[in-house]
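Residue strings, one per chain:
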Amino acid sequence: MPKLLNALNSQVGRKLLTGITGISLTIFVIVHLLGNFTLFGEPDAFNTYAYFLENLGGLLIAAEIGLIAVFVIHAYIGTSIWWNRKKARPQKYHVYSSKGGPSRQTLSSRSMIFTGVVLLIFVITHVRMFKFGDTDIVTLSTGAEARDLKTLVIDTFMQPAWAFGYTFVMILLGLHLGHGIWSSFTSLTMRNKAMSSMIYTIGTIVAFLLAVGFLSIPLYIYFTGGEGSFIQY
Ligand code: HEM
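What you see is a predicted model; the values in this text were computed from it and never measured. (Residues numbered from 1 in each chain as written. Predicted model: local features only at pLDDT ≥ 70, side-chain atom pairs only at ≥ 80, totals over all residues.)

A.B. asks: In this structure, what is going on with the overall build of the chain? I would like to understand it.
C.D. replies: When helices and strands are counted, the chain shows nine helices and two strands. In the chain, the succession of α and β elements from N to C terminus is α-α-α-α-α-α-β-β-α-α-α. The 233 residues of the chain split such that 22% are buried. Partitioning the intrachain contacts of the chain with sequence separation of at least 6 by distance along the chain shows that 73% fall at a separation of at least 24. (Helix = DSSP H or I, 4+ residues; strand = E, 2+ residues; numbered from the N terminus. Buried ≥ 20, exposed ≤ 12 C-beta atoms within 10 Å, placed from the backbone. Contact = placed C-beta atoms within 7 Å.)

Now the structure itself:
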């Protein structure tokens, strides 16, 4: 623990931790999206997947504690980097121009604190709603009794406020990751210009695909009234 506290206070430690936590969260988001796509699989694939996760016992608890720790460290360092920069440069520049090089000034990089705060609020609301939300119980094809999360997700996204609210937040997720993936990797690796440009391009593509992947779920459910042919019952 004292080592973690030292790392949080040292420049090099902070860089390492931002990189590690940023990449860990990106991996979580990729795995989560792949899991969510089971909504479009066999009729009880989504509930079976969630049932499998919820029954991992100690392993799930350890993963959840790890995830919370990663979120908290990431948010703490991100906010303090933003705050220190703000203190060092209290006056806003009127004209932003990107050098295209190490600084990578873009809408995505300038909105990191805003998109980060919205995502944090989103995650709290989201977990409350889906992880701890009330559901019916269904019998899976294996005979197990599971929470009917599939119906909860579909019922939620048939409501315009949730469908479009989620879509908006998923666009912000894409913006956050657009800069974040590049930033995490360059925090961990020695950068040369060619490598940095390549990571930036890959990061932007991954961020775009993740945002489109996530927002396709609420929009598809909303516009098909939950009865689109990609969802089997
Ligand atoms: C269309 C978008 C999304 C859908 C339909 C969705 C669905 C779900 C569902 C059903 C659960 C509960 C799983 C269970 O109890 O077994 C869940 C948990 C969770 N989701 Fe999402 N999710 C979406 C987007 C996101 C995004 C973008 C993030 C992060 C930025 C996120 C973070 C989480 C977290 C942290 C949990 C709790 C994991 C755990 O403790 O096991 N979700 N999500």
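After that view of the structure, there is still more to cover.
A.B. asks: Just to check I follow, could you spell out the nonpolar core for this structure?
C.D. replies: Burial of nonpolar side chains together is a common tendency in soluble globular proteins. Within the largest apolar cluster, 27 residues are counted, with the highest numbers of intra-cluster contacts made by Phe157, Met170, Leu173, Leu210, Ala211, Phe214 and Ile221. Among the secondary structure elements, those contributing two or more residues to this core are α3 (45-54), α7 (149-157), α8 (160-188) and α9 (193-223). Ignoring anything within four residues of it in the chain, the contact list for Ala211 reads Met170, Ile171, Leu173 and Gly174. (Core = buried A, V, L, I, M, F, W, Y, C linked by C-beta atoms within 7 Å.)

A.B. asks: Can you help me understand the environment of Leu173 in this one?
C.D. replies: Relative to the helices and strands, Leu173 is located in helix α8. A C-alpha to C-alpha distance of 7.8 Å links Leu173 and Ala207, two positions 34 residues apart in sequence.

A.B. asks: Would you mind showing me how to read the site of the ligand here?
C.D. replies: Ala50, Glu64, Phe130, Lys131 and Ile217 are the nearest of the 20 residues found near the ligand. Among the elements of the structure, α2 (11-36), α3, α6 (112-131), α7, α8 and α9 are those that each provide at least two residues to the shell around the ligand. Ranked by residues supplied to the shell around the ligand, first place goes to α6 with six residues. Of the residues in the shell around the ligand, the class split is 14 nonpolar, three polar and three charged. (Near = placed C-beta within 6 Å. Nonpolar A, V, L, I, M, F, W, Y, C, P; charged D, E, K, R; others polar.)

A.B. asks: What should I look at first to understand α7 in this one?
C.D. replies: One full turn of an α-helix is made of 3.6 residues, so residues set three or four places apart face in the same direction. Burial in α7 covers these residues: Leu149, Lys150, Val153, Ile154 and Phe157. Looking down the long axis of α7, one finds its buried residues gathered within 135 degrees of arc, a one-sided arrangement. Against the buried residues of α7 lie α3, α6, β2 (145-147), α8 and α9. (Arc of directions from axis to C-beta.)

A.B. asks: Please explain the environment of Ile20 as it appears in this structure.
C.D. replies: Mapped onto the elements, Ile20 comes out in helix α2. Along the chain, Ile20 and Phe185 lie 165 residues apart, while their C-alpha atoms are 8.5 Å from each other.

Shape is all these values report; function is a separate question.
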